[in-house]
Amino acid sequence: EVQVVESGGGLVQVGGSLRLSCVASGFTFDDYDIGWFRQAPGIEREAISCTSTSDGRTHYLDSVKGRFTISSDNAKNTVYLQMNNLKPDDTAVYYCAAVFRPSPSTQIATMCHSGMDYWGKGTLVTVSS
């Protein structure tokens, strides 16, 4: 059974931090790239960060560069998103998703913007001012 499960969302004040976790199961973890996405009401879902589980390459949305850090622990089939200096615009439902990597040479940004194969149900992050 394929599962991608997010956790770690909640309510935080402006400038605060949260760490989201994404635990994957039911597929070969290091054959897939893992991404974090977010969606707020009336706003198109956007990819915010992705990582290669095979070599650690990363991609970030410009608005989160320097504030968010993606990392993976392959032994635990888990990807994390450390979010620092949170802003009200970061308020959204955050989703974890996985996409099969067709080639080691595939650029991580390309994978991050491709159609994902497996999705979590989301975790809500609310940043209050």
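Everything discussed here concerns the structure shown above.
Rules and cut-offs
- Residues numbered from 1 in each chain as written.
- Predicted model: local features only at pLDDT ≥ 70, side-chain atom pairs only at ≥ 80, totals over all residues.
- Heavy atoms only, no water.
- Buried < 20%, exposed > 50% of the residue type's maximum accessible area, 1.4 Å probe, protein only.
- Helix = DSSP H or I, 4+ residues; strand = E, 2+ residues; numbered from the N terminus.
- Pairing = 2+ DSSP bridges.
- Axes fitted to C-alpha atoms, helices over the stretch in contact; angles between N-to-C directions.

### Describing the pairing of strand E9 (residues 92-100)
Inference 1: E9 sits mainly inside the fold: seven of its nine residues count as buried.
Inference 2: Direction of pairing for strand E4 (residues 32-39) relative to E9: antiparallel, over a ladder of eight bridges. Counted as the bridge partner of Phe 37 is Tyr 95 from E9.
Inference 3: With three bridges connecting them, E9 and strand E11 (residues 123-128) associate as antiparallel partners. Directly across from Ala 92, in E11, lies its bridge partner Val 125.
Inference 4: Pairing geometry for E9 and strand E10 (residues 118-119), over two bridges, is antiparallel. Residue pairing for E10: Ala 98 is matched across the bridge by Tyr 118.

### Regarding the sheet that holds strand E8 (residues 78-83)
Inference 1: Taking strand neighbours across the sheet as the criterion, the four strands line up as E1-E3-E8-E7 in an open arrangement whose pairing is antiparallel. What marks the edges here is a single partner per strand, and that holds for strand E1 (3-7) and strand E7 (68-73). Direction aside, neighbouring strands of the sheet carry axes that sit 15° apart on average.
Inference 2: Direction of pairing for E1 relative to strand E3 (residues 18-25): antiparallel, over a ladder of five bridges.

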